[in-house]
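Summary of the model geometry
Below, each chain spelled out in residue letters.
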Amino acid sequence: MTGAPSGGRTARLAAVVAVSCVLGLLPGSGSAARDRQARLTAAYDCTLPSGTRQVEVAFGATFPGSGAVGKPIRPTAVSVRTSLPRPVVAELLPEGTASVAGTAVLATTVAQGRQRAAAQWAGLASGEVQLPAQDAVDLGFSGDVPYVTVGAGGDVTFTAGKLDLTLTASGSGDPGARPATAELACAPAGGADTLLATVPVETPAADTPPAPSTGSADPDTATPRDTPEGIDAGPQPRAAADTCPAQPPAGKLDPNRLPPVPPGGEAGELEPTSMCAVPAGFATLRKLKSSALVNDPRGPRIGLMHLAMRMREVRAPDYVEYDHLGIMQLPDTEGTFLTFGFQPITAKVRFEPEPATIVNIIRPGKRPVTRVGYRQHLRLYDVRVNGVPLDVGPRCRTSRPVETELTGSYPVSEGGLLEGELDIPPLHGCGAGGEDLDTLLSGAVSGPGNALKIRQGRVCGAGSTCKIPELPDL
């Protein structure tokens with residue numbers, strides 16, 4: 001969801017999230033055909049709602065000394081190290097956090113001559129690290145990344161781009177609290193050299209036929225498919241949802257969202273069970289005639305709806321009702337729109353939801369009815385007008401919570417399609433340096449009739465990973 005300044009308004013640096021980001025890769029010793037230990041250091045701009053911080057991150061990797069047409073080129077031993085200053089940790093994570101873990105996604109560009117391909121290095125993870133009393137928190141991310149194949153000879157370069165970090169805090173002192181997460185978006189600072197490595201690929205002789213496909217499952221020792229035209233960046237890892245927590249979330253059902261008990265019926269409180277589901281879908285902005293993905297299944301991180309299943313049960317003749325509490329843990333979303341019909345605008349939206357009350361009604365001979373109701377603020381940040389940052393400040397959000405009501409015809413345990421419409425209130429607190437952008441942004445996005453379509457996946461139990469549903473049709 002985005003806001004749009006007028007074309008003549010001056011755009012200033014956007015408020016951003018802070019984290020440290022350093023990249024490293026220099027060729028090591030040895031012959032050109034041997035693997036090369038690579039290191040690089042680069043400055044990155046990382047963003048917090050309170051401002052922008054330029055930091056460094058340490059990267060290391062091993063690249064092959066040379067490559068061959070149609071054969072995989074795979075970086076190995078990839079690592080990213082970040083050092084988070086205590087003020088950053090204090091802003092991102094709740095008070096009392098004892099330890100933190102996380103994942104990292106590095107967008108890389110693979111190039112050969114005029115050919116370009118994007119490779120997402122999304123399999124990087126950090127183990128749990130104890131927070132020191134005062135010093136910075138050092139996190140190291142590592143994991144496997146996709147291989148690359150090329151269809152011609154010539155140097156192949158790997159260049160680092162955007163870096164996204166997801167931090168998960170634990171040990172906040174509240175045993176009933178869900179793990180807190182923080183999203184950190186970083187991009188190379190202006191003028192930063194982010195070239196990771198160059199791998200030469202020899203041009204095959206004119207009378208040398210291309211290597212045949214072997215069908216082998218080992219991409220490092222065989223050609224996994226026919227020789228590509230241009231650059232093939234290999235399979236992209238599919239995002240995985242977090243593990244469902246062992247304890248149900250804390251909270252209470254909203255009595256105003258519960259239907260009256262039917263005549264002759266009885267309502268009883270139950271001991272809830274911790275279960276989870278993955279929601280994914282689209283939010284459409286009527287004024288901008290465009291949509292943004294909510295909990296993108298193709299993104300680096302998939303959020304959960306953490307459920308306290310069956311907190312309440314209502315039974316009456318030909319009527320059964322199960323009431324559940326749901327906590328949305330959705331990652332931020334990003335939208336790109338043409339405001340005023342021509343001005344390209346991008347912005348990120350943070351969802352700040354209250355607990356949801358979920359009502360599932362089952363009647364013999366009728367389709368189940370599921371209603372999900374909650375209130376949430378929408379916070380806007382990292383706004384860019386035609387690529388130029390617009391500083392909306394750290395408190396740009398809806399002036400009041402957005403009433404969210406979604407309805408579907410399915411049992412909650414099996415999952416299904418939810419639909420509803422949002423009335424987005426005016427935005428408040430937008431602007432920095434004495435500039436008030438409330439009216440401008442509200443005029444672009446606020447108003448009724450904004451469709452929301454969410455597909456809820458099948459429920460999974462504590463300690464398991466939920467299935468990610470397919471996106472609904474727009």
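Above: the structure in question.
To keep things clear, this report deals only with the structure shown in the data block. Note that the coordinates shown come from a computational prediction; the quantities given were computed from them, not determined experimentally.

With respect to the pairing of strand E4 (residues 99–112)
- Most of E4 sits inside the fold, with 11 of its 14 residues counted as buried.
- In terms of strand pairing, E4 meets strand E8 (residues 154–170) through 12 bridges, oriented antiparallel. Looking at the pairing, Thr109 lines up with Thr159 of E8.

Quick notes on the state of the cysteines
- In the structure shown here, the tally under the stated rule is 4 disulfides.
- The disulfide partner of Cys396 is Cys430, and the S-S distance across this bridge is 2.0 Å. The S-S bond linking Cys396 to Cys430 shows a torsion near 75°; that makes this disulfide right-handed. One end of the pair, Cys396, is in the loop between strand E22 (388–390) and strand E23 (397–398); the other, Cys430, is in the loop between strand E26 (427–428) and helix H2 (438–445), with 34 residues separating them in the sequence.
- In this structure Cys396 comes out as buried when scored by relative accessible area, which is 0%.

Examining the packing of aromatic side chains
- A full pass over the atoms with the stated rule returns 1 aromatic pair.
- Arranged with centres 5.0 Å apart and planes meeting at 55°, the rings of Phe63 and Phe158 form a pair that is tilted. Taken together, the residues span a long stretch of sequence, with Phe63 in strand E2 (residues 51–63) and Phe158 in strand E8 at a distance of 95 residues. We note that Phe63, like Phe158, is buried.
- Looking at Arg310, its charged tip hangs above the ring of Tyr322, at a distance of 4.0 Å from the centre.

Points about the environment of Arg310
- Within the element layout of this structure, Arg310 appears in strand E16 (residues 304–316).
- Here Arg310 falls in the partly exposed class, since its relative accessible area comes to 40%.
- The spacing of Arg310 and Val359 is 49 residues in sequence and 9.7 Å in space, taken between C-alpha atoms.
- With sequence-adjacent residues up to four places away left out, Arg310 is seen in contact with Leu270, Glu271, Pro272, Tyr322, Asp323 and His324.

What about H2?
- All of the buried residues along H2 are Asp438, Leu441, Ser442, Ala444 and Val445. Here the buried residues of H2 occupy an arc of 160° about the axis, which is enough to place them on one side. Structural note: H2 exposes Thr439 and Gly443 on the side pointing more than 90 degrees away from its buried face.
- For H2, the secondary structure elements touched by its buried residues are strand E14 (279–285), strand E21 (369–385), strand E25 (416–424), E26 and strand E27 (447–456).
- Once H2 ends, the next one or two residues include Gly447, with phi positive near 140°.

Description of the nonpolar core
- The biggest cluster of nonpolar side chains holds 51 residues, and the ones touching the most others in it are Tyr44, Phe63, Leu92, Trp121, Phe158 and Leu163.
- It is E8 that contributes the most residues to this core, 7 residues altogether.
- Core analysis: the second largest hydrophobic core is formed by 41 residues, Ala283, Leu307, Val385 and Cys396 among them.

Definitions and limits used
Throughout this description, residue numbers start from 1 for each chain and increase along the sequence as written. Local features are withheld for residues below a pLDDT of 70 in this predicted model, meaning they are given only at 70 or higher, and side-chain atom pairs are given and counted only at 80 or more; totals for whole chains, interfaces and linings count all residues. With hydrogens and water stripped out, all remaining heavy atoms of the structure feed into the side-chain values. Accessibility here uses a 1.4 Å probe with only protein chains present; expressed as a share of the type maximum, an area under 20% marks a residue as buried, one over 50% as exposed, and anything in between as partly exposed. The helix count covers DSSP runs of H or I at least four residues long, the strand count covers runs of E at least two residues long, and both are numbered beginning at the N terminus. Two strands form a pair only when DSSP identifies at least two bridges running between them. Disulfides are defined in this document as cysteine sulfur pairs within 2.5 Å. Centre distance within 6.5 Å is the pairing criterion for rings of Phe, Tyr and Trp, where only the six-membered ring of Trp is used; planes under 30 degrees apart are then read as stacked, over 60 as edge-to-face, and the remainder as tilted. Geometrically, a charge over a ring is one whose NZ (Lys) or CZ (Arg) sits within 6 Å of the ring centre while staying within 35 degrees of the ring normal. Here, residues are in contact when the closest pair of their heavy atoms is within 4.5 Å. What the arc covers is the set of directions going from the helix axis to the C-beta atoms. Only buried residues count toward a nonpolar core. Its members are Ala, Val, Leu, Ile, Met, Phe, Trp, Tyr and Cys residues joined through side-chain atoms within 4.5 Å.

Everything listed here is a matter of coordinates, which is why it stays silent on function.
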